[in-house]
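Chain residues, written in single-letter form:
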Amino acid sequence: MLPTCYLRGVKKYQNDLFLRAARGEATERPPVWLMRQAGRILPQYRALRARLSGFIELVTTPELAAEVTIQPVDELGVDAAIIFSDILVIPEALGLKYTMVEKVGPRFPEVIRSLADVEKLRPAEAAPEHLGYVYDALDTTKKHLANRVPLIGFAGAPWTIFAYMVEGGGSKTFSKARAMLYRDPALSHALLEKIALATAAYLKGKIQHGADLIQIFDSWAGVLHPLHYQEFSLRYIKLIIDELGGAVPITIFAKDARHALPQIGALDCQVVQLDWIADLVLARTQVQGKVLQGNLDPVQLYAPTDDIVAATLRMIEQYGGKHIVNLGHGVYPDTPLEGVKAFVDTVKGYRY
Ligand SMILES: Cc1c2[nH]c(c1CCC(=O)O)Cc1[nH]c(c(CCC(=O)O)c1C)Cc1[nH]c(c(CCC(=O)O)c1C)Cc1[nH]c(c(C)c1CCC(=O)O)C2
């Protein structure tokens, strides 16, 4: 069995609000963190990033990844850290290299088009051997965090990773990736299964190296037909959850796939992240018993401070507990830092 604070149930962190809330325990206030808090918004991150050859150097250098992971804990006082890495380390570990093109995003020079391409990838079980730099980043982060707050580990959902591996980069429609689901379901399942098994093996390693909770990002859930979502995405999220065997709490984020909330509510996960379009009252009835995470519109943080404070308080009151405060998607890169601080400080000053 994996060694975790969750199973031992002892207080290990100076601030364990996030883990207590994730387990569904009543807390004095909701915890707060922001998706994509590491990197993007902090001047300290930009200064460090400017000295390096690029994003991939930062991700693959454990000391630097640890430094960037801890920056938002020091600067913003958030209740959890999230390891600085990317969801695209999985295709890379399977043998598909990517580049990060400035102001454009990820690019895969080679993509998956056939079963032969899937078979050329490394075996799923071999993925963790190629991800030692992430495990080193976790070890270094844990050391420097010195039990101040818990550490979140993450991965992309298999469908979202598949979308990049077939499309070759970002896309509004992901029509190439979706066309593969219609044209060649057997090939699609072969690739999805490989990604899911590699991800599960990778996440077990992250838990062994100190991740206290795992969040699964299905960023492109919203482009799939609901039936396809069941068949090609949820099924593989479930495979990962089953493989992890309840070792730590799990958060699922299926962005723009609110139709799937009842099925997500039936998964063996503890936390469900909502996007900012979600209707809270409906979501509560659809995912009964889960802790909800979210879901302020990221653009709200560009508003005057008083408005941010009011919107944040309104949201906390609407949730009324069983809530981890976050945005409805990752914080946007040019968000004013004062806006982010107003958001975090409002939550930290609140008491139920
Ligand atoms: C779809 C997706 C990706 N990566 C991720 C997702 C899922 C979440 C979401 O929907 O936003 C997840 C991710 N990527 C990154 C993190 C770090 C931890 C965190 O702060 O939350 C996390 C959790 C670092 C990153 N990943 C990336 C950056 C920017 C790189 C830079 O500094 O140039 C960072 C800090 C690059 C990246 N990585 C990806 C894209 C599309 C891009 C380019 C656009 C951008 O996000 O800036 C793929």
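What you see is a predicted model, and the numbers here were worked out from it, not measured in a lab.

Things to note about the overall build of the protein
- Helix and strand counts for the protein stand at 16 helices and nine strands.
- A globule of 352 residues ought to have a C-alpha radius of gyration of about 20 Å, and the protein, at 19 Å, matches this closely.
- Counting only C-alpha atoms and orienting by the principal axes, one finds that the protein spans roughly 55 × 45 × 45 Å.
- Here the protein holds 352 residues, and 59% of them are scored as buried.
- When contacts within the protein are restricted to residue pairs at least 6 apart in sequence, long-range pairs at least 24 apart make up 73% of them.
- Surface summary for the protein: the accessible area is close to 14000 Å², and the carbon and sulfur share equals 53%.
- Put simply, the protein has 38 plus and 38 minus side-chain charges, and the middle of one group is 0 Å from the middle of the other.

Looking at the UniProt feature "domain: Uroporphyrinogen decarboxylase (URO-D)" (unreviewed entry) in the protein
- Per the UniProt record, "domain: Uroporphyrinogen decarboxylase (URO-D)" (unreviewed entry) is annotated on residues 31-40 and 152-168.
- Taken end to end, residues 31-40 has its terminal C-alpha atoms 21 Å apart, with 0% of it in helix and 0% in strand.
- End-to-end, the C-alpha atoms of residues 152-168 are 28 Å apart, and along that stretch the chain is 59% helix and 29% strand.

Looking at unusual backbone geometry
- Residue Asn 295 follows Gly 294 across a cis peptide bond; omega there is -20 degrees.
- Mapped onto the elements, Asn 295 comes out in strand E8 (residues 291-296).
- Residues other than glycine seldom take positive phi values, yet Arg 36 does so here, at roughly 65 degrees.
- Tracing the backbone through its elements, the reader meets Arg 36 in the loop between helix H2 (17-22) and helix H3 (43-50).
- On the accessibility criterion, Arg 36 (40% relative accessible area) is partly exposed.
- Of note in this structure, Ala 146 is not a glycine but carries a positive phi near 50 degrees.
- Looking at the secondary structure, you find Ala 146 in the loop between helix H8 (132-145) and strand E4 (151-156).

Some details on the site of the ligand
- Taken together, 21 residues form the shell around the ligand, and within it Arg 36, Ala 38, Tyr 45, Asp 86 and Ser 219 come nearest.
- With respect to the ligand, the side chain of Asp 86 contributes an N or O atom lying 2.7 Å from a nitrogen atom.
- Relative to its unbound accessible surface of 860 Å², the ligand loses 87% to contact with the protein.
- Broken down by secondary-structure element, the contributors of at least two residues to the shell around the ligand are H3 and strand E3 (105-107).

Description of the pairing of E8
- Counting buried positions along E8 yields six of six residues, so the element is predominantly enclosed.
- One ladder, built from three bridges, connects strand E7 (residues 271-273) with E8; its direction is parallel. Looking across to E8, one finds that Gln 273 is bridged to Gln 293.
- Following the backbone out of E7, through helix H14 (residues 280-286) and into the adjacent parallel E8, one traces a crossover that is right-handed.
- In the sheet, E8 pairs with strand E9 (residues 323-327) via five bridges, with the strands oriented parallel.

A word on the pattern of salt bridges
- As enumerated under the stated definition, the model contains 15 salt bridges in all.
- For Glu 28, the salt bridge is made with Arg 20, and the minimal N-O distance between the two is 3.3 Å.
- Judged by its relative accessible area of 18%, Arg 20 is buried.
- With a closest N to O distance of 2.9 Å, Glu 75 and Lys 341 form a salt bridge. On the criterion of sequence distance, the pair formed by Glu 75 in helix H5 (residues 62-76) and Lys 341 in helix H16 (residues 337-349) is long-range, its members being 266 residues apart.
- For Glu 75, a relative accessible area of 29% gives the class partly exposed.
- One salt-bridge network, held together by shared partners, links Lys 255, Asp 256, Arg 258 and Asp 275.

Describing the side chain of Gln 215
- Mapped onto the elements of the fold, Gln 215 is located in strand E5 (residues 213-218).
- Accessibility expressed as a relative area gives 0% for Gln 215, which makes it buried.
- A distance of 3.1 Å separates a polar atom in the side chain of Gln 215 from a polar atom in the side chain of Gln 293.
- Filtering out sequence-adjacent residues up to four positions away, Gln 215 remains in contact with Trp 33, Met 35, Ile 152, Gly 153, Phe 154, Ala 155, Thr 251, Phe 253, Gln 273 and Gln 293.

Thresholds, definitions, all that
- Residues numbered from 1 in each chain as written.
- Predicted model: local features only at pLDDT ≥ 70, side-chain atom pairs only at ≥ 80, totals over all residues.
- Heavy atoms only, no water.
- Helix = DSSP H or I, 4+ residues; strand = E, 2+ residues; numbered from the N terminus.
- Rg over C-alpha atoms; globule rule 2.2 N^0.38 Å.
- Buried < 20%, exposed > 50% of the residue type's maximum accessible area, 1.4 Å probe, protein only.
- Contact = heavy atoms within 4.5 Å.
- Areas by Shrake-Rupley, 256 points an atom, 1.4 Å probe, with all protein chains shown as cover.
- Lys, Arg positive; Asp, Glu negative; His and termini not counted.
- Charge placed at Lys NZ, Arg CZ, Asp CG, Glu CD.
- UniProt positions renumbered as here; feature names shortened; annotations may be inferred.
- Near = heavy atom within 4 Å.
- Polar contact = N/O pair within 3.5 Å; in protein donor to acceptor, adjacent residues only side chain to side chain.
- Pairing = 2+ DSSP bridges.
- Right-handed = clockwise from strand over helix to strand, strands pointing away.
- Salt bridge = Lys/Arg side-chain N within 4 Å of Asp/Glu carboxyl O.

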